[in-house]
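Observations on the model geometry
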Amino acid sequence: MNTQPRRVEHQQTDRGYIPVYTTGVVEQPWAEYTRTDHEVWAQLFRRQRETLKNRATREFLENQERFGMSADAIPKFDDLNAVLKKGTGWEIVGVEGLLPDQVFFDHLANRRFPVTWWIRKPEQLDYISEPDLFHDLFGHVPLLLNPVFADYIQAYGKGGVKAHGIGADALMNLTRLYWYTVEFGLINTPQGLRIYGSGIVSSKGESIYCLESDAPNRIGFDLERIMRTRYKIDTYQQTYFVIDSFEQLMEATEPDFRPIYERLAKLDSFPAGEIQPSDRVIHRGTREGWIETPDT
Ligand code: PHE
Ligand code: FE
């Protein structure tokens, strides 16, 4: 049985010291998943569906159901793709793990979402430092069925290709946007704050913390503010940014970022946990329990 990812090397990136994998697209080796793999999926799936009731945004939960994801078995990429291609023209492609930025951007720009084919081990249910199948599939894929969000991710991919040609600072600004929206975003709904960020929905602890803890800041979405804000990769976020709708996200990111990158290059970045005078503060964090690790 080979359910080990094919790791090629480690590399220092803006996400820390991470393994880099072969960049090719791989077929999901579905028949090779072990009983333990399927059990890990089942446990995480049941636990998160329960945790996310009234915490995740309705679009996320409903789209997950449209895919027919269940605790029964690890979903087959081909089955998900049948729904996804018809829905928004996206497809998922199997990969070994985190990809170099340019490769990742190129996939997104062409409406292909890379999904890590392997799943974490039973002792990693609560925390794993790199994306696995559960994070990618359970966390990211559902919102690709939302037409506006699907377009946003593609626009982000195109923006990534462009930022890559501009330079490292532009790329960092753009990465922060992804982090604070796609990975750790909250959305305002008539029922209250809800989660849409994939990094949150795939973590039980952070799903509860981001909404219910008094410690973190919750601030209204502001593009340039986000692009200047460092983030945490080793603890829960100290600040969450709240959008009002996916349309707002789409509209705010439509303008050419080039002049923004140029302006921001001359300005300092903000610490992950600091409130700024211009912030639209929804909740000012008490900072309780924060461990001061360096921001990324
Ligand atoms: N408008 C951005 C640019 O000009 C591209 C982008 C769109 C980036 C959506 C992120 C999200 O670079
Ligand atoms: Fe992710």
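Residues numbered from 1 in each chain as written. Chains lettered and ligands numbered in written order. Predicted model: local features only at pLDDT ≥ 70, side-chain atom pairs only at ≥ 80, totals over all residues.

Some words on the pairing of strand 3 (residues 91–95)
- Sheet topology places strand 3 next to strand 4 (residues 112–116); five bridges connect them, and they run parallel. Pairing of Ile 92 across the sheet is with Phe 113, part of strand 4.
- In terms of handedness, the path from strand 3 via helix 4 (residues 101–109) over to strand 4 forms a crossover that is right-handed. (Pairing = 2+ DSSP bridges. Helix = DSSP H or I, 4+ residues; strand = E, 2+ residues; numbered from the N terminus. Right-handed = clockwise from strand over helix to strand, strands pointing away.)

Focus on the site of ligand 1
- Surveying the vicinity of ligand 1 reveals the residues Tyr 152, Ala 155, Tyr 156, Gly 159, Lys 162, Leu 177, Thr 253, Glu 254, Pro 255, Asp 256 and Phe 257.
- Here the element with the most residues in the shell around ligand 1 is helix 6 (residues 147–166); it accounts for five residues.
- The class makeup of the residues in the shell around ligand 1 is six nonpolar, two polar and three charged. (Near = placed C-beta within 6 Å. Nonpolar A, V, L, I, M, F, W, Y, C, P; charged D, E, K, R; others polar.)

Section: the environment of Phe 149
- Take Phe 149: it is sitting in helix 6.
- Of the residues examined, Phe 149 has 23 C-beta atoms within 10 Å and is grouped as buried.
- Note: C-alpha distance between Phe 149 and Val 182 (33 residues apart in sequence) is 9.3 Å.
- Not counting residues up to four positions away in its chain, the partners in contact with Phe 149 are Leu 143 and Phe 246. (Buried ≥ 20, exposed ≤ 12 C-beta atoms within 10 Å, placed from the backbone. Contact = placed C-beta atoms within 7 Å.)

Comments concerning the packing of helix 4 against helix 6
- Packing of helix 4 against helix 6 brings their axes to within 7 Å, and their N-to-C directions diverge by 140°. Considering how the two elements wind past one another, helix 4 and helix 6 form a crossing that is left-handed. Contacts from Asp 101, Gln 102, Phe 105, Asp 106, His 107, Leu 108 and Ala 109 of helix 4 reach helix 6 at Ile 153, Gln 154, Tyr 156, Gly 157, Lys 158, Gly 160, Val 161 and His 164.
- Taken together, the residues that form the contact of helix 4 with helix 6 break down as six nonpolar, six polar and three charged. (Axes fitted to C-alpha atoms, helices over the stretch in contact; angles between N-to-C directions. Left-handed = near helix turned anticlockwise from the far one by under 90°.)

Some remarks on the sheet that holds strand 8 (residues 239–243)
- Reading across from one edge, 6-5-8-7-9 is the order of the five strands in this open sheet, with mixed pairing throughout. Every interior strand has two partners, whereas the edge strands, strand 6 (192–195) and strand 9 (281–283), have only one. Here the strands of the sheet are splayed against their neighbours by 35° on average, with no regard to which way each runs.
- Where strand 7 (residues 217–220) and strand 8 come together, four bridges link them in parallel fashion.

A look at helix 2 (residues 58–66)
- Residues Phe 60, Asn 63 and Gln 64 constitute the buried set of helix 2. Viewed along the axis of helix 2, the buried residues span an arc of 105°, placing them on a single side of the element. Opposite the buried face of helix 2, at more than 90 degrees from it, the exposed residues are Arg 58, Glu 65 and Arg 66.
- At its buried positions, helix 2 is contacted by helix 8 (198–201).
- Residue Gly 68 follows helix 2 closely and has a positive phi angle near 75°. (Arc of directions from axis to C-beta.)

Here we look at the packing of helix 1 (residues 35–52) against helix 9 (residues 204–212)
- Put simply, helix 1 and helix 9 touch, their axes get as near as 10 Å, and they point 10° apart. In terms of their interaxial angle, helix 1 and helix 9 are classed as roughly parallel. Residues Arg 47, Gln 48, Thr 51 and Leu 52 of helix 1 lie in contact with helix 9, whose contacting residues are Lys 204, Ser 207 and Ile 208.
- Split by residue class, the contact of helix 1 with helix 9 holds two nonpolar, three polar and two charged. (Parallel < 35°, antiparallel > 145°, perpendicular 65-115°, else oblique.)

Section: unusual backbone geometry
- Even without a glycine there, the phi angle at Asn 54 is positive, about 60°.
- Mapped onto the fold, Asn 54 is located in the loop between helix 1 and helix 2.
- Phi at Arg 111 takes a positive value of approximately 55°, unusual for a residue other than glycine.
- Here Arg 111 lies in the loop between helix 4 and strand 4.
- The class for Arg 111 is partly exposed, based on 18 C-beta atoms found within 10 Å.

Focus: the nonpolar core
- Counting residues in hydrophobic clusters, the biggest one holds 66 residues, and the most contacted among them are Val 115, Leu 133, Val 141, Leu 144, Ile 153 and Ile 195.
- The dominant element in this core, judged by the number of residues it contributes, is helix 7 (residues 168–183), at seven residues.
- Apart from the residues lying within four places of it in its own chain, the contact partners of Val 115 are Phe 77, Ile 92, Val 93, Gly 94, Val 95, Leu 133, Asp 136, Leu 137 and Val 141. (Core = buried A, V, L, I, M, F, W, Y, C linked by C-beta atoms within 7 Å.)

Examining the environment of Leu 125
- For Leu 125, the location among the structural elements is in the loop between strand 4 and helix 5 (133–140).
- When the C-alpha positions of Leu 125 and Lys 204 are compared, they lie 9.2 Å apart, and in sequence the two are 79 residues distant.
- Apart from the residues lying within four places of it in its own chain, the contact partners of Leu 125 are Gln 43 and Leu 44.

Keep in mind these numbers describe shape, not what the thing actually does.
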